[in-house]
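Examining the three-dimensional arrangement
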Amino acid sequence: MSEKIILTGDRPTGRLHIGHYVGSLKRRVELQNAGEFDKIFIMIADAQALTDNADNPEKVRQNIIEVALDYLAVGLDPEKSTIFIQSQIPELCELSFYYMNLVTVARLQRNPTVKSEIQARNFEASIPVGFFTYPISQAADITAFKATTVPVGEDQEPMLEQAKEIVRKFNSIYGEALVEPKILLPENKACLRLPGIDGNAKMSKSLDNCIYLAEEPEEIQKKIMSMYTDPNHIRVQDPGTIEGNTVFTYLDAFGRTDHFERFLPDYSSLEELKEHYKRGGLGDVKVKKFLNKIMQEELEPIRNRRKEYQKNISYVYEILKKGSEAAEKVAAQTLADVKSAMRINYFEDESLIAGQQEKYCE
Ligand code: TRP
């Protein structure tokens, strides 16, 4: 009993970026390689992506391979982690259907992530039902694999809360069939929500402020050199502000002491660099060049591994197919547990049949 199980995933609506990387992907790979978990499931959430892309299924279809390539590129290993596609696991729909009875409309309306997504998509009066209820389907994703740990970004916190409530409610009504999951957030504050290169709080494709994992070196450099800093830090000698300065936020997220030794030996720590910037006399270009070296080093092996997998796309689909088959077996077992807890497993319930018979016997 009490296996340690990870489930997490991403919507395939575009290539993954460095916000996904520090927010969740990097941690998944570390957890995978530390070997402390009994099972790891990584899901490409295509069905969830369709909840707000119903009119553009081709976008979702095209991006499944992009996300899969990004997964393999960062070092998720199909030998250690089961990578699968959500829509290939019909049991998830069935679980959602039963969980829907345990959640009120008012509760869904209060979900802060759904609220802000509705605003961002201008859905207000025309929210697709599927989109509105995706937190329930996400609870099905998590519980189908009896996940104990869900490594995700901060924006997923309301989903985890909702999932926990569903588990508690289910278990209290039907008996302990489901496992309550725990969220695992990045420890580094800068990684909780990496801003876009323009300083916007959210890195997102629609804002065109991302650095993608697959990005070429020249493009990475160009983006870093154009990054938002302190708009009042005009001349080198001006004192600068660290707070809200994207370059320093990225250094908080990606920087390590050994980077200084190798790339910027005049300083021994990020604190020292920040102090100099605040005092004045340190130019943005120097800090950006330092960040660029760090990012290039971090992203190069990822890009190279991706290129290797890109040569063999059918092999990547094979990984997804095998992963989906393995994942379905696990979800099917949970669904059987759920149905038996709910006592809707009529044909396996001999006491039910015998009892019904008795009613009609003298
Ligand atoms: N909502 C997640 C995202 O937007 C994707 C997702 C779907 C997910 N199901 C999940 C994440 C289950 C963790 C667990 O990225």
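Presented here is an overview of the structure given in this document. (Residues numbered from 1 in each chain as written. Predicted model: local features only at pLDDT ≥ 70, side-chain atom pairs only at ≥ 80, totals over all residues. Heavy atoms only, no water.)

1. Structural notes on the overall build of the chain
A count of helices and strands for the chain gives 17 helices and five strands. Overall, the C-alpha framework of the chain stretches about 100 × 45 × 40 Å when taken along its three principal axes. Expressed as a percentage of the 362 residues in the chain, the buried residues total 50%. Considering only contacts within the chain whose residues lie at least 6 apart along the sequence, 76% involve residues at least 24 apart. About 18200 Å² of surface is accessible on the chain, with carbon and sulfur atoms providing 51% of the total. Of note, the chain has its 46 positive side-chain charges centred 3 Å away from the centre of its 56 negative side-chain charges. (Helix = DSSP H or I, 4+ residues; strand = E, 2+ residues; numbered from the N terminus. Buried < 20%, exposed > 50% of the residue type's maximum accessible area, 1.4 Å probe, protein only. Contact = heavy atoms within 4.5 Å. Areas by Shrake-Rupley, 256 points an atom, 1.4 Å probe, with all protein chains shown as cover. Lys, Arg positive; Asp, Glu negative; His and termini not counted. Charge placed at Lys NZ, Arg CZ, Asp CG, Glu CD.)

2. Considering the pattern of salt bridges
Enumeration according to the criterion identifies 29 salt bridges in this entry. In this structure, the salt-bridge partner of Asp258 is Arg256, at a minimum N-O distance of 2.8 Å. With relative accessibility at 26%, the residue Asp258 sits in the partly exposed group. Its relative accessible area of 39% is what places Arg256 among the partly exposed residues. It is possible to trace a salt-bridge network through shared partners that takes in Arg15, Glu66, Asp70 and Arg306. (Salt bridge = Lys/Arg side-chain N within 4 Å of Asp/Glu carboxyl O.)

3. Observations concerning the site of the ligand
Residues in close proximity to the ligand total 14 residues, the closest being Met43, Gln48, Gln138, Asp141 and Gln156. Interatomic distance of 3.3 Å between a side-chain N/O atom of Arg11 and an oxygen atom of the ligand. In this structure, a nitrogen atom belonging to the ligand sits 3.0 Å away from a side-chain N or O atom of Gln156. Relative to its unbound accessible surface of 360 Å², the ligand loses 91% to contact with the protein. Contributing elements (two or more residues each) for the shell around the ligand: strand 1 (5–10) and helix 8 (134–144). (Near = heavy atom within 4 Å. Polar contact = N/O pair within 3.5 Å; in protein donor to acceptor, adjacent residues only side chain to side chain.)

4. Points about the nonpolar core
In terms of nonpolar packing, the biggest core is built from 60 residues, with Ile18 and Leu273 touching the most fellow members. Ranked by residue count, the leading element in this core is helix 3 (residues 57–74), at nine residues. Counting contributing residues per domain, this core is built from domain 1 (5–193 + 313–355) and domain 2 (217–309), each supplying no fewer than three. Apart from residues lying up to four places away in sequence, Ile18 is in contact with Leu194, Met203, Ile211, Leu213, Tyr250, Phe254, Met295 and Leu299. In this structure, Tyr99, Leu160, Ile166 and Ala331 belong to the second largest nonpolar core, which totals 37 residues. (Core = buried A, V, L, I, M, F, W, Y, C linked by side-chain atoms within 4.5 Å. Domains from an automatic or database assignment.)

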